[in-house]
Each structure stands twice: as structure tokens, then as C-alpha cells.
Amino acid sequence: RRTWRARSSPTSTPTARSPTRAPSPPIKRLRAFHIIESTEPCLLSCPQDITREAWVLTDEAKGYAAGGSREVHLVAAIPPEGASRAALKEEFGDVVFDIARKAAAKNKWIRFERGIVLRTVEDTTDEMQELLKRVENGEVVPDLIKELKRRKLVTKEKVIWYSLKKGPEFVVKRKTLATDVTREHLKSGDWKDLEFKDYNYEAQGQPIAIGYSQPLLEVREAIQNIFLEMGFSEMPTNMFVESSFWNFDALFQPQQHPARDSHDTFFLKAPATTTQLPDDYLEKVKQVHQSGGYGSKGYGYDWKRDEAEKNLLRTHTTAVSARMLYKLAQEEHFAPNS
Amino acid sequence: CLSKPPLSAFTSSGSPAVLARLPGSRVPPPANNTAPQPPLAMPTVSVGRDRLFAALGRVYTQDEFEALCFDFGIELDDVTTEKAIIRKEKHLEEDVEADGDDEVIYKIEVAANRYDLLCLEGLARSLRIFTGSEATPIFKIASIPRGSMLQMHVRPQTSQIRPYVVCAVLRGVTFAEVRYNSFIDLQDKLHQNICRKRTLVAIGTHDLDTLQGPFSYEALPPQEINFIPLKQEQTFRADALMDFYRSDMKLKKFLHIIENSPVYPVIYDSNRTVLSLPPIINGAHSAITLKTRNVFIECTATDLTKANIVLNTMVAMFSEYCENKFEVEPVEVVSHDGSTAIYPDLSCYKMEVSLSDIVGPIGISLDETQVISLLNKMQLQADLCSSNREPCISVSVPPTRSDVLHARDLAEDVAIAYGYNNVPKSKPKSMTIGGRQPLNRFSDKIRAEVARAGYMEVLTFVLTSHEENFDMLNRTDDGNKAVIIANPRTSEFEVVRSSLMSCLLKTLKHNIDHPRPIKIFEVGDVVSLDTSRDVGASNNRRLAALYCNSNSGFEEIMGLVDRIVKIVRAPHINFGQTYYVPSSEPEFFTKRQCKIVMSDGKQVGYLGIVHAEVLRKFGIPDPCTFVEIDIEALL
């Protein structure tokens, strides 16, 4: 338990004795924390925290301090002729009787004779009550505190004291620090009087909403730029479906070549074939596959048009190059075009 | 709106535009090895390191050997041991005892069209010639009078199933175990590569001394063929043999080549001993052993050119073990129409090429003598040409180099022998101005704009499942829309996407835990059937955006559309005052969707709050608004 107590005078220091009760109403812990923390930077006060530990009475003990200890009550309840255990138990309750009996026996205030509890003294000094009162008043009793603790009559209480002093920049009226510059400040000219609160530069800035480019496409762009800067022109490659003719035959990949296997090429169910192919060029391609030409020995096999008409998903962009070369060859003049 | 692009320069080497570079020389196609390989993998030859160095005549450090491979144009892919291979195959732990020895094995990747590099003999020989320690061998046909040649008679029925056969004999060979294994391995490699898993060509090798010529190549109904196949002890009838091999891991994949034919190909000797049932299995009778001295090789085929290449490769590789080194005994093949041919045809292919046609395309200047010595390093016998017009080289291409088809192949080999890294870099001699495709330039502008609006760009797959493309979007397939793959790998690749909607929704689902609002977009192509194009389909460039939050964000998406409309509004793009027209499509909530139309009424896009059913199917718990626009229409 922590209790917060404000001292009336900002300059005096607390003592071990119970401090002067504050005239102001008690303030909540958190609020006090805030006040202390916010005034610290402004150096209006130099707080030091002092932690003191004190023993306080439990509620049970408070009852004894006020009304006397149980053992005294017990003895007082025993008539001169004595009382039976049972009767006393009934009056006080089992638990209380037990505790009181033990304490009274310890002080030698009672004795037992054949099941009867008898007084041994006429008057009892309620030392317990006195002790408790002394502790309540703030007195330190190191040697007896153990007994009290055993009987669960006291608990340790930690009290944190803040000693507040006037700091070098003490002012009666608190100045508010500005956090931001606003339009009003500028308009009114107040900005001249502004004092800023310190920024925490180690804090992160506000996360902003941003968009992203795909990293692979950035790489693609870099590669495209290399070619563009050398004077290359981009080919139109936005055609994924291609015929075997342009993808393989026009590039002289023989028709039984493994790359044309269904393992390595995606052939199509729909659209399955390309029937529109440049016939004259196709004838030349066929010739070279079968028997050579243009300086080549050829492959020496029977070239089939059916195979060339099969559609597939383009396996290499060179298929586009093949189309481009054919197109360029149709030009009147073959020359670099700048 | 695809405009014709401006032409770009070709390096002016003076030569006219030639047809595209013949493929296959150094950028090889994927090979069909039995072990699964990644796409575009080159065939790998496994050779014992020490055997290889012995054959090369010197020992190399691994670095030295790698450098030699690199210069020659092959690659040392892996170094392992037989033990390690078996361990890996059986998934054994490191320290567990495994079979196989510790002989270090080099796995070397070679170009897929270099059949002469598929065995240690060929590899070592090529490297010896390349480093200059040996000259290119000249293969000879043994001079045997025509009448004494072994004969192979071809019956007419073979044309129904497997018309061609070529043969050769290797005399006086000595097969130590390693050579024998090499011999078998080469047949395997050839079967996988050029033979296209025995469909085009099948090789059969036999102990000639167990047989009696002349031989006959026939095609008979399976019930009439009986023999003891290799590794078996009892006789099988051919049709029963097919069933027998159905459970054989290695042979079952070849059965389909002949099993449904009314006649099966079969080779007999004059005693009606079956040599082989191509392309399935040889007969046990003529099986080659380590004691075999004379080898009979037959290659049956559906492609004669390839049969010759295969036969030539076999004899070229192994005739070095014959009694008369590099000499091959010929066989006469008598066709059913009476015509005859003598195999193997080991003739060289003669080419005459001008010096400039060889060094010009490379970009180096060498004289004829230098070029000749470089060609000789690559097993291409070169000489000065007798032509007097301009410097000219005559080249005799040996049967081992069936990959040389054109003068460009000679140029390539000269470049390799010269060393690619030694070729000087140069700049094009003429200047051109580059340019972008208008649609792509426009797409990039749109992308930048949408990113500025705070959207994250995504890049999604072009292929998708049929379900995602239709059902999951509450759309129906009328069969006239989507391009369909005939051989999809998985259901994920069944169709080409018709819209970007499923792509963005799927992306959203996989990133559903991102902080809100989630704003993603993509500019990409979708494909539709299109009868106006030669191929029957066309691409369409689209912009699509998706907004997801605890509220639908419909106004947000509208704001984005307003922004797009504003920036493309130009004299020729006509949007009226209002360009939203209510719609009623099943993929969106009713009364929460509209079309985007131009002033002539043409629809260029659509947007709406995604229907709860669609969200449920995609597994998205929060409301979303989606828009898709055809940006080609805005170009």
C-alpha cells in the first residue's frame, strides 16, 4: 500500500513520526505522479523520492488499540469462581477464545483447574493495548515488533515521500509549453512567445500509407533500359499462344526434338491449331528441315505440316524474333532505321 | 493497337541476314535420361576419373580439368563415387556401409547433340585431339569384296512398323569389363537421346561368332515369334513376352512402340535364331560376353538418317578396340525391292567455306593456316581450298561430328578452339534509336500511377485452374473464352487466365493477415480465344486492383478509377460526365457493381463489391472491392 501525502510547506522535510496531515484533500496517486513529472522538467521543484517503511496496525489491531485486547476481555469475563472452558468458548467463539487464552496464559493471568479457567490476578494492565497505541502513533519498537507480526497485528507499509523544493525556475503561475506550431500562432503573432516542449527524436515518425512496385518488375525495367540505351527497339511479345511453326520449325528445331515433347512444352486443347501460316515461307522451312539449303545439310527426315500447326504456350521469346525476322525480310530495303 | 516497331541495327559484318542460327550446338535441348533432370539439362556422362586421366595421358588437378572442360565447351558437373551414388539412391546415412567402390567418378555435362562425347572413349579422344596430343582418326571400311560381305535382307512387312535397318561388324575386339560396361552404357545413352527412347532407333549388339549369316529383318505376327530372350532361360512367344515385361521397370516403357502392331519386327540369322525383337530385347543366344571377339551391330529405325548417326557413333567409339584399329567391317543391306546399300556409311561430309564466312561472324582476324589448325583441334579436318577467288577452307566433317550442318557450326568450333574469352568485344558500327512498344510504355505509366495511389504491385501466375478461373468467381464457362492446356502438369495449370480477378483474390488470401487496408494491383495480360488471330487466341492487357478492409472500400476503388479516367482523358479517349453504368454480374453483390463505359457506350472495365460466395470460396473473411480495366482500350 502506498499513500500519498502532500506537505503543506514545500521546504520542510518529513520525519519518521507521522507527518502533518495535509490540509488539502488527498489526491489520487496517478495525478500526483503526473504533477510531479510534468513540473520536474520545468524545474519548478526538485523532487527527491524518499522511501520510508513503517509498521501499521491491521484492522484487527486497531480494534484492540481502541477497545482493549482480547486477553484482557477474557480475564474480565471470568467471574471470581471461574468459568468453564465451554462457557467461555461460547461467549467468545472458539478462535478468539484460543488466541485470548494463550495470550492470557502467557501473561500468567489465568490458570486451569479441573477444566475451569480461573483468574490469577485481579486487575490486568492492558499492555497490548498500550503497545498497539504506541505503534499507531508512529513509535518504533524493534524488539516487540516480532511478536506483533506473529500475531498478525501489524503489517509493513512502504511510504514514498517526495520532497519538493523550489527550483531555479520556480514560478507561481505555470507556463504551458507548446507542442506544435499552428496557423493561429502565426496569424496572431503568438509564436514569438512560444516555448517548445522537447521533442523525443528517438521516437518513430508517423507511418505513412505508401504504394509499392514489384521488385522483379524493377529488375525487368533495369534490363530493358540497358537495351534501350544501346538503341534496341522493343518487340511486341504480348502473345502467349504461338504455333509450333514459329516457335520451333522456323527456328529449325527438328520435329522429333525432345524440347517439343509434351513433357517440356504446354500444348493446347483450345485453340488446338494454327492453320494460317505463310505458305511460301513454310515451303522453304520444310525444304531446309528435310534436305537442307542455304548452306545447311538439313536434318534428313520427313517434315509434317500437322506438327507445325500445333499450338502451344510460347516456350521462348525467340518465337517472336522469328516472326520479326520474317516481317523485316518483307521490307523493301533492309537497313537500320534511325 | 500494336504499332510496327522501328527496326534495330544488326552488326554489320557485311553478310546478309541469314536464317536463324541452327539450334542445338551449344544451347542444348533437354535430354531424356532415365534420372529426372531439370528442364534444359544437358546429358551427363559418368566416367571414372583415373581411367579418364589414363586415357588422356596425364593427371590433372580438379581445377586444371575444370579449366580444360570449360575451354572445350563441356562442364564438370559433379564429383562422386559409386558408393556415394548407391548410398544416395537407397537413402542411406553417411556412415552406413554401402555397396559399390570408392573409385572417383566424374560426371561431365555435354551438349545434347554431341553423340561422340557420350562415352569415355569419345570424350577422351576428343580432348586428346583438342589438346593436340593426337590426330583425328580416319575411320576405314575394311576392304571386303562385295560378294563376301555379310548381308541383311529386309522383308516388306517391316515397312508397316519399323522400315529401316543398318548394320556393321567390329572384328577382333577385346572386351575387358570396363570396356564392356562402357559399350552397354553408350547404347543406353544413345537410346535416351537421339533414339528418343528407342522410338526412332533401337540398337542391338551381338556376338557374331554365335550366329550364321545372312541375316533377315522381318515383321511377323507375334504368335509366330519364339525365342529365349536375354537373361531368361525359357522360350517365350512374342505376345506373351509383352505381358511378361509389363512389370519390368526398365522395359515396360518400350512396349507401346510395337505392342499394338499386327506384326512385330524381328531379326533372324540363317538358322532362324532370333537375334533380337527390336526395340524391346535381344535374344539370349547371341548375347555379348567378355569373351566376345567379333561384334555384330544392327540398328532398326523409323528414321534412316538417325539410324546412320547412331550406327556411326557406335562404331566410331569402339572401333579403337578392333584388331585393326579404327577399321569397321561393312554389311550389305538388301531391301525387298532389290536395292542394296552398304553400311556403315562413314563418309565425311565435305564443306567448302570462305575464310570470311568463318572468322567474320566471330569478329576475329585469322588467316587460313590458323583457322585450319583450330578446326583440326575440333576433329574437323581442314585444308586449303583450291579456289582462287578468295581465301577458302575445305573441311571434311567426320561421322563423329553429325552436329555440323552449316558453315556457322564451323565458325562456332573455330571460336571455341580460339577461346570465347579471347574474342575482342566491339560496339555496333551503326547508330540506332531505341524505342518501347507503346502499350508497354503506357502500361508502365499506369503502374506508376496506381502505385502512387498507395497500392502494392503484385505479379501473379498466368496459368490457373479451371475452377479458379470460373466456378470460384461465380462465372460460367461457355467454352468460347479460355485457352485450355492439353497436358497440364497439375490442376493449377489447366487454363490460361481470362481475368486477373482470381489472381488477386488468391494473392489476398495468402496474405490475409496483413494490416488493413490491403490494397493490391496488377497490370498484366489475360488470354482469350480470338478467331481473328492466326493462332486463334489473343492477349489483352488489363489493370486490376483489389481493396480489402473491414469495410468494402467501394468509394476507394471508385476514386482510383476516377483518377485513371482523369489521366487518360485525352482528345481521343472519350469519357462522358458519368462513366459508371450499373450491372448485374454474379461475381459481385447486386446494386453494388457497375460497368465502366466510354462515351460511345463501349465497356472498358467493371468494378464491384466481391460477392460473399466468391469470398467464401477463396477463403477471404473481409469485404473487398475489385476493379478490372482493359487498358489497351485506353491507349
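Residues numbered from 1 in each chain as written. Chains lettered and ligands numbered in written order. Predicted model: local features only at pLDDT ≥ 70, side-chain atom pairs only at ≥ 80, totals over all residues. Heavy atoms only, no water.

Visitor: Can you help me understand the overall build of chain B in this one?
Guide: Of the regular secondary structure elements, chain B holds 16 helices and 29 strands. In terms of C-alpha radius of gyration, chain B reaches 33 Å, well past the compact-globule figure of 26 Å for 635 residues. For chain B, the spread of C-alpha atoms along the principal axes amounts to about 95 × 65 × 60 Å. In chain B, which comprises 635 residues, the share counted as buried stands at 54%. The contacts of chain B with a sequence gap of at least 6 include a subset with a gap of at least 24, amounting to 70%. (Helix = DSSP H or I, 4+ residues; strand = E, 2+ residues; numbered from the N terminus. Rg over C-alpha atoms; globule rule 2.2 N^0.38 Å. Buried < 20%, exposed > 50% of the residue type's maximum accessible area, 1.4 Å probe, protein only. Contact = heavy atoms within 4.5 Å.)

Visitor: Would you explain the domain arrangement of chain B in this entry?
Guide: Interface size is commonly expressed as the accessible surface area that is lost when the partners come together. Domain assignment breaks chain B into domain 1 (7-27 + 437-634), domain 2 (44-131), domain 3 (140-343) and domain 4 (349-420). For domain 1 of chain B and domain 2 of chain B, the distance between their C-alpha centroids amounts to 50 Å. (Domains from an automatic or database assignment.)

Visitor: Can you help me understand the UniProt feature "domain: Phenylalanyl-tRNA synthetase" (unreviewed entry) in chain A in this one?
Guide: According to UniProt, the positions carrying the feature "domain: Phenylalanyl-tRNA synthetase" (unreviewed entry) are residues 199-329 of chain A. End C-alpha to end C-alpha, residues 199-329 of chain A measures 71 Å, and it is 37% helix and 7% strand. (UniProt positions renumbered as here; feature names shortened; annotations may be inferred.)

Visitor: I would appreciate a short explanation of the side chain of Glu 468 of chain B in the present structure.
Guide: Residue and element names in this part refer to chain B. Locating Glu 468 in the fold gives a position in helix α13 (residues 466-469). Accessibility expressed as a relative area gives 10% for Glu 468, which makes it buried. When neighbours within four sequence positions are excluded, Glu 468 is seen to be in contact with Leu 473, Ser 502, Lys 506 and Phe 618.

Visitor: Where do I start with the sheet that holds strand β3 (residues 110-113) of chain A in this structure?
Guide: Strand-to-strand pairing in sheets goes through backbone hydrogen bonds, with the strands running parallel or antiparallel. Residue and element names in this part refer to chain A. The strand order across the open sheet formed by 3 strands is β2-β4-β3, and the pairing between neighbours is antiparallel. Every other strand in the sheet has two partners, leaving β2 (83-84) and β3 as the edge strands with one partner each. Two strands pair when backbone bridges link them, and β2 and strand β4 (residues 116-119) are joined in this way by 2 bridges, in the antiparallel orientation. Opposite Ala 83, over in β4, you have Val 117 as the bridge partner. (Pairing = 2+ DSSP bridges.)

Visitor: I would appreciate a short explanation of the UniProt feature "domain: PheRS DNA binding" (unreviewed entry) in chain A in the present structure.
Guide: In the numbering adopted here, UniProt assigns the feature "domain: PheRS DNA binding" (unreviewed entry) to residues 69-123 of chain A. Measuring from the first to the last C-alpha atom of residues 69-123 of chain A gives 14 Å, for a span that is 53% helix and 18% strand.

Visitor: Would you mind going over the packing of helix α2 (residues 62-72) of chain B against helix α4 (residues 120-131) of chain B with me for this structure?
Guide: Two packed helices can be described by the angle between their axes and the distance between those axes. All names here are of chain B. Closest axis-to-axis distance for the α2/α4 pair is 11 Å, and the angle between their directions is 85°. It follows from the interaxial angle that α2 and α4 lie roughly perpendicular. Residues Phe 65, Leu 68, Asp 71 and Phe 72 of α2 lie in contact with α4, whose contacting residues are Ser 126, Leu 127, Phe 130 and Thr 131. Each residue belonging to the contact of α2 with α4 can be placed in one class, and the counts come to 5 nonpolar, 2 polar and 1 charged. (Axes fitted to C-alpha atoms, helices over the stretch in contact; angles between N-to-C directions. Parallel < 35°, antiparallel > 145°, perpendicular 65-115°, else oblique. Nonpolar A, V, L, I, M, F, W, Y, C, P; charged D, E, K, R; others polar.)

Visitor: Can you help me understand the packing of helix α12 (residues 438-452) of chain B against helix α15 (residues 554-568) of chain B in this one?
Guide: Residue and element names in this part refer to chain B. Interhelical geometry of α12 versus α15 gives an angle of 140° and a closest axis separation of 11 Å. One element, α12, and the other, α15, form an angle in the oblique class. Here α12 and α15 pass one another in a crossing that is right-handed. Side by side, α12 and α15 meet where Phe 442, Ile 446, Glu 449 and Val 450 of the first sit next to Leu 560, Arg 563, Ile 564, Ile 567 and Val 568 of the second. Its residues assigned to classes, the contact of α12 with α15 shows 7 nonpolar, no polar and 2 charged. (Left-handed = near helix turned anticlockwise from the far one by under 90°.)

Visitor: Sorry, what's going on with the pairing of strand β24 (residues 518-529) of chain B here?
Guide: A regular strand places its side chains on the two faces of the sheet in alternate fashion. All names here are of chain B. Most of β24 is tucked away: 11 of the 12 residues are buried. With 2 bridges joining them, strand β20 (residues 456-457) and β24 adopt parallel strand pairing. Residue pairing across strands places Glu 457 opposite Phe 521, the latter belonging to β24. Alignment of β24 against strand β25 (residues 537-548), held across 12 bridges, turns out to be antiparallel. Its bridge partner being in β25, Val 523 is matched across the sheet by Leu 543.

Visitor: Just to check I follow, could you spell out helix α9 (residues 215-229) of chain A for this structure?
Guide: Residues and elements named next belong to chain A. Its 15 residues give α9 an end-to-end C-alpha distance of 21 Å, which sits within 8% of 21 Å, the value for a rise of 1.5 Å per residue. Two or three places before Leu 216, at the opening of α9, Gln 214 has a side-chain oxygen 2.8 Å from that residue's backbone nitrogen. Downstream of α9 by a residue or two, Gly 231 has a phi angle that is positive, lying close to 95°. (Expected span 1.5 Å × (residues − 1). Polar contact = N/O pair within 3.5 Å; in protein donor to acceptor, adjacent residues only side chain to side chain.)

Visitor: Explanation requested: the state of the cysteines in the structure shown.
Guide: Evaluation of the coordinates by the stated rule reveals 0 disulfides over all chains. Here Cys 392 of chain B is not disulfide-linked; the sulfur of Cys 385 of chain B is the nearest cysteine sulfur, at 3.0 Å. (Disulfide = S-S within 2.5 Å.)

Visitor: Can you walk me through the sheet that holds strand β17 (residues 349-354) of chain B in this structure?
Guide: All names here are of chain B. Across the sheet, which stays open at both edges, the 3 strands sit in the order β17-β19-β18 with antiparallel pairing between neighbours. Whereas interior strands pair on both sides, the edge strands pair on one side only; in this sheet they are β17 and β18 (381-384). Neighbour-to-neighbour, the strand axes of the sheet open up by a mean angle of 25°, direction not taken into account. Bridging between β18 and strand β19 (residues 392-397) involves 4 bridges; their strand directions are antiparallel. For Ala 382, the partnering residue across the bridge sits in β19 and is Val 395.

Visitor: Can you walk me through the environment of Leu 57 of chain A in this structure?
Guide: Residue and element names in this part refer to chain A. Position of Leu 57 relative to the elements: it lies in strand β1 (residues 48-57). Taking the relative accessible area as the measure of exposure, Leu 57 reaches 7% and is therefore buried. In this structure the C-alpha to C-alpha distance between Leu 57 and Leu 251, which are 194 residues apart in sequence, comes to 102 Å.

Visitor: Got a minute to help me understand a nonpolar patch on the surface in this structure?
Guide: Together, Val 219, Ile 223, Ile 226, Phe 227, Met 230 and Phe 232 of chain A make up a nonpolar patch on the protein surface, roughly 560 Å² of accessible area in all. On the secondary structure map, Phe 232 of chain A appears in the loop between α9 and β6 (241-243). (Patch = residues over 30% accessible without salt bridge, like charges linked within 9 Å, V, L, I, M, F, W, Y side chains within 5 Å. Areas by Shrake-Rupley, 256 points an atom, 1.4 Å probe, with all protein chains shown as cover. Salt bridge = Lys/Arg side-chain N within 4 Å of Asp/Glu carboxyl O.)

Visitor: Hey, could you run me through the interface of chain B and chain A in this one?
Guide: Contacts between the two partners involve 71 residues from chain B, matched on the other side by 67 residues from chain A. For the pair chain B and chain A, the two sides together bury roughly 6000 Å², of which 59% comes from carbon and sulfur. Linking chain B with chain A are 2 salt bridges, by the criterion used here. A salt bridge links Glu 234 of chain A to Arg 436 of chain B; the nearest nitrogen and oxygen atoms lie 3.3 Å apart. Summed over the shared surface of chain B and chain A, the number is 26 residue pairs in polar contact (both at pLDDT 80 or more). Where the side of chain B that touches chain A is concerned, the elements lending two or more residues are α8 (304-318), α12, β20, β22 (484-485), β24 and β25 of chain B. The biggest single contributor to the side of chain B that touches chain A is α12 of chain B, with 5 residues. The residue makeup of the side of chain B that touches chain A, split by class, is 41 nonpolar, 14 polar and 16 charged. Both strand β7 (residues 268-270) of chain A and β22 of chain B contribute to a ladder of 2 bridges, which runs antiparallel. Across the sheet, the residue bridging to Ala 270 of chain A is Ile 484 of chain B, located in β22 of chain B. (Buried area = accessible area lost by both parts, 1.4 Å probe.)

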